[in-house]
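Observations on the model geometry
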Amino acid sequence: MGLGGGRSATAAGAPPGGGAAPFSNAYSLEFDGSDELLIMGDLTDLNQQSSVPYGLTQISMSFWIYPNNGASANQAVFSANSNYLRGLFFQEYAPASQLYIGWGYGAHSISATLNDSQWYHVCAVYDASLSAPRGAFYLDGVSQTINDNYPATTNTAGFNTPAGDGFAVGAYRSNSYSTISHNWEGRVDEMAIWTSALTAQQAMNIAKGGESSDSKVSGDDLAVGSLASFEPEHWWRMGDGGTWDGTNWTIPDVGYGDATTSATTSNMVESSRTSGAP
């Protein structure tokens, strides 16, 4: 995989929209670390009750990141629900060389250092049937040890997106998006959500370019970034297929669920869609 204009290859399975058109991953979104957001809003299929037990028993997320934030980063790639102990978030905490993922009414760290100007694939899986911390975390397809810093007090994922307080990429936000902090500086690509638990093999295949049913990674035979055969409920390409209206980008949700939701940028410019992609 390399940074630049992306590449085209035959997609694993039929791409969104049907047919056998080549899969192309040419663009990603670049955030400036100041005030930029991509707002998905309420994901109705993920809305859960606001009291214990707080919702979903399985959830998986997959996305690519390209940090440009230097050694002082304390920045959130995404967040859902302003109460982070009931929501879902991913944050790079560079001073301690840690990544933080929040789920299941708890927060957990992974000891890892991300270098600037390099693409990484992140896959986080929550499964209430597992023992604490009830999840798995993969960086470039490799399983990472999860530290149970703030243990979950319930056995559900707690993904709750009430009206006006939904999902966003580019910062940690609260108060119906009126307050944002820990803004992400860098690129994000191919953000996807499942309401099921991906396997270790599937996490590896997504990172390296393979089909969901493969017993081994197929290497360059399949396109890095294509999630067609994995059929996520939500899938934002983060540039490819996006449209600019003169003020904001609209990023379509090309997932396979029944409640797909297009996303809209806030405070981003036309050049925020960059040709750098995994």
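Coordinates for the structure precede this section.
For the structure given in this document, a descriptive report is provided here. (Residues numbered from 1 in each chain as written. Predicted model: local features only at pLDDT ≥ 70, side-chain atom pairs only at ≥ 80, totals over all residues. Heavy atoms only, no water.)

**Let's talk about the pattern of salt bridges**
Under the convention used in this document: Take a side-chain nitrogen of Lys or Arg and a carboxyl oxygen of Asp or Glu: if they are within 4 Å of each other, that pair is a salt bridge. Secondary structure elements are defined from DSSP: runs of H or I of at least 4 residues count as helices, runs of E of at least 2 residues count as strands, and each element is numbered from the N terminus. Throughout this description, buried means an accessible area under 20% of the type-specific maximum (1.4 Å probe, protein chains only), exposed means over 50%, and partly exposed covers the range between.
Inspection of every chain in the model, using the stated rule, returns 3 salt bridges. Arg237 serves as the salt-bridge partner of Glu190, at 2.8 Å between the closest nitrogen and oxygen. With Glu190 in strand β17 (residues 185–194) and Arg237 in the loop between β18 (234–236) and β19 (238–241), this pair connects stretches of sequence that are 47 residues apart. No difference in accessibility class separates Glu190 from Arg237, as the two residues are buried. With a shortest N-O distance of 3.6 Å, Arg237 and Asp240 are connected by a salt bridge. Across the pair, Asp240 and Arg237 agree in class, each one buried. Taken together, the shared-partner salt bridges in this structure form one network comprising Glu190, Arg237 and Asp240.

**Things to note about the nonpolar core**
Side chains of nonpolar character tend, in soluble globular proteins, to be buried together. Here is the rule we go by: What we call a nonpolar core is a set of buried Ala, Val, Leu, Ile, Met, Phe, Trp, Tyr and Cys residues that are connected through their side-chain atoms within 4.5 Å. In this analysis, two residues are considered to be in contact whenever any of their non-hydrogen atoms come within 4.5 Å of each other.
With 39 residues, the main nonpolar core has Phe167, Val169 and Met191 as its most contacted residues. Setting aside anything within four residues of it in sequence, one finds Val169 in contact with Phe31, Glu36, Leu37, Leu38, Met40, Val77, Phe78, Val188, Met191 and Met238. Phe23, Ala136, Tyr138 and Ala192 belong to the second largest nonpolar core, which has 13 residues in total.

**Focus on helix α1 (residues 200–208)**
For an α-helix, the turn length of 3.6 residues means that residues three or four places apart are oriented alike. Among the residues of α1, those classed as buried are Gln202, Ala203, Asn205, Ile206 and Ala207. Packed against the buried residues of α1 are β5 (58–67), β10 (120–127), β11 (135–139) and β17. One or two positions beyond α1, positive phi appears at Gly209, with a value near 100°.

**Let's talk about the packing of aromatic side chains**
The condition is simple: Any pair of Phe, Tyr and Trp rings, taking the six-membered ring for Trp, is counted once the centres come within 6.5 Å. Such a pair is stacked with planes under 30 degrees apart, edge-to-face with planes over 60 apart, and tilted for the rest. Counting as a charge over the ring demands two things of the Lys NZ or Arg CZ atom: a distance within 6 Å of the ring centre and an angle within 35 degrees of the ring normal.
Taken as a whole and assessed by the stated rule, the structure comprises 5 aromatic pairs. Pairing Tyr66 with Trp119 gives two aromatic rings, centres 5.2 Å apart and planes at 50°, and the pair type is tilted. Pair noted here: Tyr66 is in strand β5 and Trp119 is in the loop between β9 (106–111) and β10, with a separation of 53 residues, a long-range link. Residue classification places Tyr66 among the buried positions, given a relative accessible area of 6%. Overall, the relative accessible area of 5% leaves Trp119 in the buried class. A ring pair is formed by Phe167 and Trp236, whose centres lie 6.0 Å apart and whose planes are at 15°; its orientation type is stacked. Separated by 69 residues along the polypeptide, Phe167 in strand β14 (residues 167–169) and Trp236 in strand β18 bring together distant segments of the chain. Assessed through its relative accessible area of 0%, Phe167 is described here as buried. The class for Trp236 is buried, based on a relative accessible area of 0%. The aromatic ring of Tyr66 is capped on one face by Arg187, whose charged end is 4.6 Å from the ring centroid.

Purely geometric numbers; function is a separate question.
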